Structures are given as C-alpha cells and as structure tokens.
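Commentary on secondary and tertiary structure
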Amino acid sequence: MNKNKNNFWLDFFLLFLFLIIGTFFFYRAINAAGPYDYTALEPIPGTANTGADLKLYIEAIYKFAIWTVGIAAVLMLTIGGFMYMVSAGNTSKMDTAKKIVTDAILGLIIALGAYLILYVINPDLVKITITMKSLGGGTVTESKPNPNTPLAPNSSGCSAIVSAAQAMKNQGCQYDQGKRNGCVGSPGYTDCSNFAGGAYAKASCRKPGNVARDFYSGGESVGEASSLKAGDVLATLTPNPHVVVCEGSGCSTVIHASGKKAGIKESNGSYYLNKSDIRVIRASRYCDSCGN
C-alpha cells in the first residue's frame, strides 16, 4: 500500500514535468502555424487578462504548473517531516516518512531540472513568444521594419528618435545584454543603452554613448520637466544604471529596454523624473536637424 502511494506521488511530479515540456513544444507549434485569430471566452481565475488571447492562456497554464509542483513539493515535505516526528521510533512509519520526503525532493529536482535543461539547450525554449495574426479578409501579410534602414529625421524636431525606438519595439527586438546588436537581425537583441543609442543612430544622429554610465556622465540637470523634448534621454544610476527615451514633450511617457522579463516597453516618465540623481541627454546636442 505504501509503495503504491509513493509511486502515485512520483507519477504526479512526472505528469507536471511532461506538462511543462509539452507547453514549450505547443508554443513552438503555434508559432510555426499559419495566420489565425483566437480570443478566449473567459480568463483563468487568479491571472490577469488571460481572456485576451491564446498566448496568455498558455502562459498562465505554464506558470500554474510550475507553482503547483513547487507547492506540492513543499506540502509533501511538510507531511513527510511531520510523519517522521510523530513516528515515535516506529521503523515502518519512519521509512514511509523518509520515502515521502525523498519523492518530494526528487519531483522538485525533476521539475526544475526540466527548465534548466531546456534553458541550457537554447534559452529561447523558455521564452514565451507567440506572434498572433488576425485572419481578416483575403491574404494576410505581415510587414516588419527593416532594422538597417535609418529613419529620416522629422522636420519638427527629434521625434524621429522616438519613431526609431518604437520601430525596434514593434519588430520584436529582445533584451539580452550579452547579444545586444542594436536590434539588427531576426531576432535582434538590445539592452537599455544599446536601445537608446540604436534609436539615435537609426534617426541619423550621433550616439551619446555605448553604456548607461556614458549617457549619465554626459548628461545635465533636468530642471523643469517642461523643457524636455521628444527624443531626450533620461539617465539614472539608482538602483542600477538605466536610460529611457522620452516619447514627447515633458517626458510624461518613456520607451526603454526594461529587462529580460518585460523587454522593450513604455512607462510613466514621472517615475524617472522623481529620482534624485536623474540627468537628461538633450537630443538637440546630437541631432543637427532637431534645432535648439
């Protein structure tokens, strides 16, 4: 009887292992499929906006599987430990408790090992990226901006820098400090400073620097927020060196390469403007077409 119980828990962990691996391959299959449109009827309880599309549904299932394995392992470790404490020297009960603890640890190692193995083989296997295409009418064509084509500077100022930054975001550029290449390639890679510098280069402007500290050292006091223009870069050293590109006058919103988890995104500019060490790199210093 005890042997059957132990086998049950081992099978339980193996089931979630296959679920995790199967989720990754399901992602790859969907990504390779033709155009389609899908909207879920109801969100998964406890998750945000999973009624929006299939990609969010699968992401929620994957996270649920990981959390379930971890919680189940902790629960079984607790049960096994309690059984061992109250065994009162009963060899049979002690052996059962040890087996439960061993199986729980083994299941947790298997679950986490599956993620580690996939990551070692190819980090892209553990990244949830699906391009959802709408069927619409007729043939669907998906156009992507050429990352090698500079954007023409806008006559009204430095908004070409913002256009270049948004184009890099829309082309699916990924965050990776070790592979950063100015979002050139498929996929392209970048980090915060490479992203800002790449936007300047694509807008036919001079790059303010290669790393965030370069931007910071070349910056100046912000002064009034109303003095900020589209294309200006805010730089901070706290809690870590980081730079963001202002999307409009006053820098109420910014676009930046936030990190591996969030990727390239838009944020509220006030978060950075309220930092005590914030500095600004004026785009007009690096783009002759911007004016002063």
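Structural notes, computed from the coordinates. (Residues numbered from 1 in each chain as written. Predicted model: local features only at pLDDT ≥ 70, side-chain atom pairs only at ≥ 80, totals over all residues. Heavy atoms only, no water.)

Some points on the state of the cysteines
Considering all chains together, one arrives at three disulfides under this definition. There is a disulfide in this structure between Cys-246 and Cys-251, and the S-S distance comes to 2.1 Å. Because the torsion about its S-S bond is -85°, the bridge between Cys-246 and Cys-251 counts as left-handed. Across the pair, Cys-251 and Cys-246 agree in class, each one buried. (Disulfide = S-S within 2.5 Å. Buried < 20%, exposed > 50% of the residue type's maximum accessible area, 1.4 Å probe, protein only.)

Considering the packing of aromatic side chains
Across all of its chains, the model carries two aromatic pairs by this definition. Arranged with centres 6.3 Å apart and planes meeting at 75°, the rings of Tyr-200 and Tyr-286 form a pair that is edge-to-face. You can see Tyr-200 sitting in helix α5 (residues 192-202) and its partner Tyr-286 sitting in the segment after β8 (279-281), a full 86 residues away along the chain. For the pair formed by Tyr-200 and Tyr-286, the shared burial category is buried. (Phe/Tyr/Trp six-rings, centres within 6.5 Å; stacked < 30°, edge-to-face > 60°. Helix = DSSP H or I, 4+ residues; strand = E, 2+ residues; numbered from the N terminus.)

Thoughts on the sheet that holds strand β4 (residues 233-236)
Pairing is antiparallel across the open sheet formed by six strands, whose spatial order is β3-β8-β4-β5-β6-β7. Among the strands making up the open sheet, the edge pair consists of β3 (220-221) and β7 (263-268). Where β4 meets strand β5 (residues 242-246), four bridges bridge the pair, whose relative direction is antiparallel. Directly across from Thr-236, in β5, lies its bridge partner His-242. Docked against the sheet, helix α4 (residues 159-170) engages β5, β6 (253-259) and β7, running at close to 130° with respect to β7. Most of the contacts of α5 go to β5, to which it runs at about 35°, and overall it touches β4, β5, β6, β7 and β8. (Pairing = 2+ DSSP bridges. Contact = heavy atoms within 4.5 Å. Axes fitted to C-alpha atoms, helices over the stretch in contact; angles between N-to-C directions.)

Side note on α4
The terminal C-alpha atoms of α4, which comprises 12 residues, lie 16 Å apart, in line with the 16 Å expected from a rise of 1.5 Å per residue. Every buried residue of α4 is accounted for by Ala-160, Ile-161, Val-162, Ala-164, Ala-165, Ala-167 and Met-168. Check the buried side of α4 and you find it contacts α5, β5, β6 and β7. At the C-terminal side of α4, Gly-172 shows a positive phi close to 85°. (Expected span 1.5 Å × (residues − 1).)

Considering unusual backbone geometry
For the bond from Thr-238 to Pro-239, the omega torsion is -5°, close enough to zero to count as cis. Residue position: Pro-239 is located in the loop between β4 and β5. Phi angles above zero are rare outside glycine, and Ser-204 is one such case at about 60°. Note that Ser-204 resides in the loop between α5 and α6 (212-217). A residue is classified by how much of its surface remains accessible, and Ser-204, at 51% relative accessible area, is exposed.

Digging into a nonpolar patch on the surface
A cluster of nonpolar side chains, namely Leu-77, Ile-105 and Ile-109, defines an oily patch on the protein surface of about 250 Å² accessible area. Here Ile-105 shows up in helix α3 (residues 91-121). The class for Ile-105 is partly exposed, based on a relative accessible area of 40%. (Patch = residues over 30% accessible without salt bridge, like charges linked within 9 Å, V, L, I, M, F, W, Y side chains within 5 Å. Areas by Shrake-Rupley, 256 points an atom, 1.4 Å probe, with all protein chains shown as cover. Salt bridge = Lys/Arg side-chain N within 4 Å of Asp/Glu carboxyl O.)

Brief notes about the pattern of salt bridges
Counted according to the given criterion, the structure contains four salt bridges. In this structure, Lys-99 and Asp-103 form a salt bridge, with 3.7 Å as the shortest nitrogen-oxygen distance. Taken together, the residues span about one helical turn, with Lys-99 and Asp-103 both in helix α3 at a distance of four residues. Residues Glu-220 and Arg-282 are paired through a salt bridge, measuring 3.2 Å at the closest nitrogen-oxygen approach. A residue pair is termed long-range when its members are at least 10 positions apart, and Glu-220 in strand β3 and Arg-282 in the segment after β8 qualify at 62 residues. When its relative accessible area of 32% is taken as the criterion, Glu-220 is described as partly exposed. Taking the relative accessible area as the measure of exposure, Arg-282 reaches 14% and is therefore buried.

Here we look at the pairing of β6
With five of seven residues buried, β6 is to be regarded as a mostly interior element. Pairing between β5 and β6: two bridges, direction antiparallel. Across the sheet, Cys-246 pairs through a bridge with Val-254, a residue of β6. Following β5, the chain reverses through six residues before pairing antiparallel with β6; Gly-250 in that reversal takes a positive phi of roughly 85°. Judged from the six bridges that link them, β6 and β7 form a sheet pairing that is antiparallel. The residue bridging Ala-257 from the neighbouring strand is Ile-264, located in β7. The antiparallel hairpin formed by β6 and β7 contains three residues in its connecting segment.

Nothing here speaks to function; it is all geometry.
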